[in-house]
4 protein chains.
Amino acid sequence: MGWREKLHEIIYEADTPAGKLFDIILLIAILASIVLVMLESINSFDTKYHTFLNISEWIITILFTLEYIARIISVKKPIRYIFSFYGIIDFLSTVPKYISLILAGTHALIALRALRLLRVFRILKLARYLGASNHLANAIKASRAKIAVFLFAVLIASVIFGTIMYMVEGEENGFTNIPKSVYWCIVTLTTVGFGDIAPATPLGQFIATIIMILGYGIIAVPTGIVSAEYTKATNTDDNGLSDEEINILEEVHLNTQCCANCLEETHRDGAEYCFKCGCKLHHD
Amino acid sequence: MGWREKLHEIIYEADTPAGKLFDIILLIAILASIVLVMLESINSFDTKYHTFLNISEWIITILFTLEYIARIISVKKPIRYIFSFYGIIDFLSTVPKYISLILAGTHALIALRALRLLRVFRILKLARYLGASNHLANAIKASRAKIAVFLFAVLIASVIFGTIMYMVEGEENGFTNIPKSVYWCIVTLTTVGFGDIAPATPLGQFIATIIMILGYGIIAVPTGIVSAEYTKATNTDDNGLSDEEINILEEVHLNTQCCANCLEETHRDGAEYCFKCGCKLHHD
Amino acid sequence: MGWREKLHEIIYEADTPAGKLFDIILLIAILASIVLVMLESINSFDTKYHTFLNISEWIITILFTLEYIARIISVKKPIRYIFSFYGIIDFLSTVPKYISLILAGTHALIALRALRLLRVFRILKLARYLGASNHLANAIKASRAKIAVFLFAVLIASVIFGTIMYMVEGEENGFTNIPKSVYWCIVTLTTVGFGDIAPATPLGQFIATIIMILGYGIIAVPTGIVSAEYTKATNTDDNGLSDEEINILEEVHLNTQCCANCLEETHRDGAEYCFKCGCKLHHD
Amino acid sequence: MGWREKLHEIIYEADTPAGKLFDIILLIAILASIVLVMLESINSFDTKYHTFLNISEWIITILFTLEYIARIISVKKPIRYIFSFYGIIDFLSTVPKYISLILAGTHALIALRALRLLRVFRILKLARYLGASNHLANAIKASRAKIAVFLFAVLIASVIFGTIMYMVEGEENGFTNIPKSVYWCIVTLTTVGFGDIAPATPLGQFIATIIMILGYGIIAVPTGIVSAEYTKATNTDDNGLSDEEINILEEVHLNTQCCANCLEETHRDGAEYCFKCGCKLHHD
């Protein structure tokens, strides 16, 4: 096994001690970078500890850059990684700091680093934990289309009610234009209710009442869909297998091997070749 | 097949390439008209691009007028279309612009065009997609009466609590009259909580607490009804047929034929005559 | 059948044309009285139409007084009616107007008339409609105790978090005392969020975040209970009887007879004697 | 049975009349202490009745101190009680008052006494009542992990959206720093919506719309999980036993015996020795 395979195993997998250590360090670095960006955004804190924050951020940036380079050289097809979702995020979380040396103002882009938090899901394999026996995932998948159409209906209702409210309340009560009126309508339908804009005329308040009761009534629909689909998903695989047995069956995929060629991650335990691209997987 | 049948097929159906193209153009025109109305309502935008907006709107209005005339002449009983729900909306979305030439101020009515968005449901046949196997539609139908009575109970509670809050808080704290007090009560019960009016006396805050906990407790009821009815609807048709098979059975109706006489839309695939009025359907 | 029995049948039952007419007139009178009280509370309206409102209210008050007297004399045990829930409300909705002749200021009590709205449920027999096959009623009954304990837990959490927020935020940020702080906490936990009080210190906002996420998580519990109990209630009576058959079985009680002695209302259709007190029921 | 065993039975158990009386007095004392702390926090009330409040509080404090000492001496291993969860709370609810004699300012800590409210659950054995047949407890236990991961996802989404809103809205619209922006994002996602901070730019309002619709859509997930798990928990033990029978089986544990050695509370009815530490339980 060459050094590139070794590096790939450390960075992309978590079956070896080195791989686990790498994941833990990466996790800490990501969280630290988020905390740094947050602290820096607090003016009183930034003016006090500017030098400390700046140095810490350079350290994090260099670490992320090294990780980015290591990820590129350890993969067989670097282009695939560079243009993958995580590849772009990894790039965007290092570059702004370098550009800020030349151009002022681009520094704010460093906040894009928050997107790296998404990698936490990958590291902790949370998605898998969540859907231990895939019930929830199946329920959400089954409800997705229905909820999307439902939310689309909510949007159309918001446009119609928003336009009506604009005509009823007018500019003097904060409904300065239709987009703002639609925004208010969504704020109300979703029961958020900021109160930055609120109807002032009796007719406007009456229509607002209808919108709110509508919102109250329809919040039941997506909830009903998810819970019914989840109940269904839970029942359908009760085909004689206990939850334990199902877990064992599914744990076949629960090793952390990751193909160096196509970055596919859900391999069988004894697999010697990637089931997707046929590339050889490495073993100790 | 005469030109009127041809026109009917293009406008009301979507099985031919021309029919599909018409639907797509109509969809774009509706969305464009909504965007135009929105942009026009933004003052800063309107003063800058007034001429552009005005011309665009005349184009849209003329297109809609042509469509309206085409719809009337291609149908056998135009009166039926003119006084149908969509017929009235189509009329209301063209007329205000013409009246605005003579009378000022009626221009605001152009916002009624937002109601044309409802046609999006028809074009995309969303309602059918939503209830692929009609489970959700059945669940909502089964819960409708119960949720209506439930919302009625919420309304009565709002009137009673609203009156109490008016007596407790009085005009100095924003509860200037009972209708406003009832409005506040609905805002609170539905957990929207704008905060434009908020209780200021300790007793008023205590009653508000009761209203909120009540609202929190009863939000569970409609949700419970919908999810239980949906579960029930999903279970009852598990009569040996898989979801796939049910879909096939239902897709019998999934062609887009529309009777030129009575505008009925849910015909069987091989149907030669309208099942509702007996009028001959046309085929290629 | 004496005139008292006749009067009882008209006022308390709805099987005869006269009884139905009485119910409809009562319904209209109640709604009219509510609208009157509401209009009177609007200052601008009251100053304009004061005489009209005053006269209308006297008419309603006299009608309600006559109804109250009729109810008392047509019942065998007037004391029972007078001290029943509805008896007290009926009394409270007439008396304040008379007192307002002698004492000023008591007029506001007339708003108590809103409580008469509860009789709408009785007139429309809504409760029965709601629970056609009693599923919902059973589900709510089964969940009541659990939801009560749950709401009690929410209350205790509010007291504890409210006290903590009072210590953290202090008087300068609107948390002037612990009861107000607890009130804010309930406003937040129930996701109402008026915004009349809002945390201003970073620590306070952090604790608020915990409260909100907690509130978001626990809103699932009562909903879950109701929907599960409702599903259960719907399933348990699936003992070979269709919903139609169950309705027929239950409609045995759906006549409107009301015992003149104990005011019990759920009699069997052919019943000659009240099942509760043994008093003879009248028939045409 | 020595006086220490007797004391243990009175304080920790509720099977004897003396034990029940002790529990009721304790319950009243806790509620009184909470009311006292609340009243004291209201400035106008505190200045008026300062002496009365101070004396009442000293009485409560001395009662709690006596109870604390009694709890220590009646238990075989006092250390275990002192460092138990309730032991620490009991200590914290007496000490601040004594310290306030020497040090000023520590008085505010007396509000920690609100935590004693948690003992209400123990006294009323509410937790047991709640989960009569343990369905709800099981449902919550089964959903806990999934809801936790779900809330974690909500948190990550809040950090990402919060950062974006900070970049879009900036300091001039109240989004002064990223932590505050994240706080706003959680306020919005949970549909609380205080309105102390609200987006002012069109782009910010557009992103807020996405966040709200997202929050509206995902509120369905935890609810769906709990209700499905609860339905499942209710169904799985339908193994021929009625709810009544299950209650009888479970009531085996429903005596209030409490081991004087290890404070374990769920003993069988006829148990002579603690099942956990083997220590002899006392009987009358």
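The residue numbers shown here count from 1 along each chain, following its written sequence. Chains and ligands are labelled sequentially in the order written, the chains with letters from A and the ligands with numbers from 1. Local features in this predicted model are restricted to residues of pLDDT 70 or higher, and side-chain atom pairs are both shown and tallied only at a pLDDT of 80 or more, whereas totals for entire chains, interfaces and linings draw on every residue. With hydrogens and water set aside, each side-chain value is computed from the structure's full complement of heavy atoms.

Some words on the pattern of salt bridges
- By definition, a salt bridge exists where a carboxyl oxygen of Asp or Glu is found within 4 Å of a side-chain nitrogen of Lys or Arg. In total, this model carries 20 salt bridges over all chains according to the counting rule given.
- With a shortest N-O distance of 3.0 Å, Glu67(D) and Arg116(D) are connected by a salt bridge. On the criterion of sequence distance, the pair formed by Glu67(D) in helix α4 (residues 50-74) and Arg116(D) in the loop between α7 (95-102) and α8 (118-123) is long-range, its members being 49 residues apart. Taken individually, Glu67(D) and Arg116(D) each receive the classification buried, so the pair is uniform in this respect.
- In this structure, the salt-bridge partner of Arg71(D) is Asp90(D), at a minimum N-O distance of 3.9 Å. Residue Arg71(D) is located in helix α4, and its partner Asp90(D) is located in helix α6 (residues 85-92); the two are separated by 19 residues in the primary sequence.
- Note on exposure labels: buried denotes an accessible area under 20% of the residue type's maximum, exposed denotes more than 50%, and partly exposed covers the range between, all computed with a 1.4 Å probe on protein chains only. According to the relative accessible area criterion, Asp90(D) is buried, its value standing at 3%.
- Put simply, Glu67(A), Arg71(A), Asp90(A) and Arg116(A) are held in one network by salt bridges that share partners. By definition, any uninterrupted DSSP run of H or I lasting at least four residues is a helix, any uninterrupted run of E lasting at least two residues is a strand, and each is numbered from the N terminus.

Quick notes on the relation of the copies chain D and chain B
- When chain D is fitted to chain B, the residual RMSD is 0.1 Å, and the transformation amounts to a turn of 180 degrees plus an axial shift of 0.0 Å. Both copies of the chain, as the preceding transformation shows, are related through a two-fold rotation axis.
- Any two residues whose heavy atoms approach within 4.5 Å at even a single point are treated as in contact. A share of 100% of interface residues in chain D that are also interface residues in chain B marks the association as one of identical surfaces. When the copies are superposed, the least-squares fit draws on C-alpha atoms of residues that have pLDDT of at least 70 in both.

Side note on the interface of chain D and chain B
- Chain D puts four residues into the contact, and the matching count from chain B is four residues.
- Here chain D packs against chain B, burying approximately 170 Å² in sum over the two surfaces, 22% of which is carbon and sulfur.
- For the pair chain D and chain B, the number of links is zero salt bridges.
- In protein, a polar contact requires one atom able to donate a hydrogen and another able to accept it; more generally it is a pair of N or O atoms within 3.5 Å, and residues adjacent in sequence count only if both atoms are side-chain atoms. The tally of links from chain D across to chain B stands at zero residue pairs in polar contact (both at pLDDT 80 or more).
- Residue type decides the class: Asp, Glu, Lys and Arg count as charged, Ala, Val, Leu, Ile, Met, Phe, Trp, Tyr, Cys and Pro as nonpolar, and the leftover types, Gly among them, as polar. Looking at the side of chain D that touches chain B, its residues break down into one nonpolar, three polar and no charged. Note: buried area is the sum, over both parts, of the accessible area (probe 1.4 Å) each one loses when the two are combined.

Considerations on a nonpolar patch on the surface
Residues and elements named next belong to chain A.
- A cluster of nonpolar residues, Ile55, Ile59, Ile62, Leu63, Leu66 and Tyr98, forms a patch on the protein surface that exposes about 550 Å² of accessible area.
- Ranked by the residues each element gives to the nonpolar patch, the list is headed by helix α4 (residues 50-74), at five residues.
- Locating Leu63 in the fold gives a position in helix α4.
- Leu63 sits in the partly exposed class, given a relative accessible area of 45%. Any residue with relative accessible area above 30% and no salt bridge may belong to a patch, with like charges joined within 9 Å and the nonpolar Val, Leu, Ile, Met, Phe, Trp and Tyr side chains within 5 Å. Working definition of accessibility: Shrake-Rupley area with a 1.4 Å probe, residue cover restricted to the visible protein chains.

So, the side chain of Arg71(C)
Residue and element names in this part refer to chain C.
- A relative accessible area of 3% means that Arg71 is categorised as buried.
- A distance of 2.6 Å separates the side chain of Arg71 from the side chain of Glu67, its partner in a polar contact.
- Look past the residues within four positions of Arg71 in its chain and what remains in contact with it is Ile11, Tyr12, Phe22, Leu26, Tyr81, Asp90 and Arg119.

What about the relation of the copies chain A and chain D?
- Mapping chain A onto chain D calls for a rotation angle of 90 degrees and an axial translation of 0.0 Å; the resulting RMSD is 0.1 Å. This pairing of chains is accounted for by a four-fold axis.
- Of the interface residues in chain A, just 15% have counterparts in chain D that sit at the interface too, so the contact is made through distinct surfaces.

Here we look at the packing of aromatic side chains
- Here the aromatic set is Phe, Tyr and Trp, taking the six-membered ring for Trp, and pairing holds for ring centres within 6.5 Å; pairs whose planes are under 30 degrees apart are stacked, those over 60 apart are edge-to-face, and all others are tilted. Counting across every chain of the model gives 28 aromatic pairs over all chains.
- Aromatic side chains Trp184(B) and Phe194(C) sit 6.0 Å apart centroid to centroid with 20 degrees between the ring planes, which places their arrangement in the stacked category. Of this pair, Trp184(B) sits in helix α11 (residues 178-189) while Phe194(C) sits in the loop between α11 (178-189) and α12 (202-218), each in a different chain.
- The class for Trp184(B) is buried, based on a relative accessible area of 1%.
- Its relative accessible area of 1% is what places Phe194(C) among the buried residues.
- Seen from their ring centres, Tyr68(D) and Phe91(D) are 5.9 Å apart, and the 50 degrees between their planes marks the pair as tilted. With a gap of 23 residues between them, Tyr68(D) in helix α4 and Phe91(D) in helix α6 connect regions that are remote in the sequence.
- Both a distance and an angle decide whether a charge sits over a ring: NZ of Lys or CZ of Arg must be within 6 Å of the ring centre and within 35 degrees of the ring normal. The ring of Tyr12(B) is capped by Arg71(B), whose NZ or CZ atom sits 5.2 Å from the centre of that ring.
- Looking at Arg116(C), its charged tip hangs above the ring of Phe64(C), at a distance of 4.3 Å from the centre.

Focus on the environment of Tyr230(B)
- Note that Tyr230(B) resides in helix α13 (residues 220-236).
- Separated by 29 residues in sequence, Tyr230(B) and Cys259(B) have C-alpha atoms that sit 33 Å apart.

Some details on the interface of chain A and chain D
- With 46 residues of chain A at the contact, the number on the chain D side is 43 residues.
- For the pair chain A and chain D, the summed buried surface comes to about 3,900 Å²; carbon and sulfur atoms form 77% of the total.
- Interface area lost by chain A to chain D is led by Tyr183(A), Phe194(A) and Tyr230(A), which between them contribute 16%.
- Across the chain A-chain D interface, the total number found is zero salt bridges.
- Connecting chain A to chain D are two residue pairs in polar contact (both at pLDDT 80 or more).
- Listing elements by their share of the side of chain A that touches chain D, those giving two or more residues are α2 (17-41), α8 (118-123), α9 (126-130), α10 (135-169), α11 (178-189), α12 (202-218) and α13 (220-236) of chain A.
- It is α13(A) that contributes the most residues to the side of chain A that touches chain D, seven residues altogether.
- Each residue belonging to the side of chain A that touches chain D can be placed in one class, and the counts come to 33 nonpolar, ten polar and three charged.

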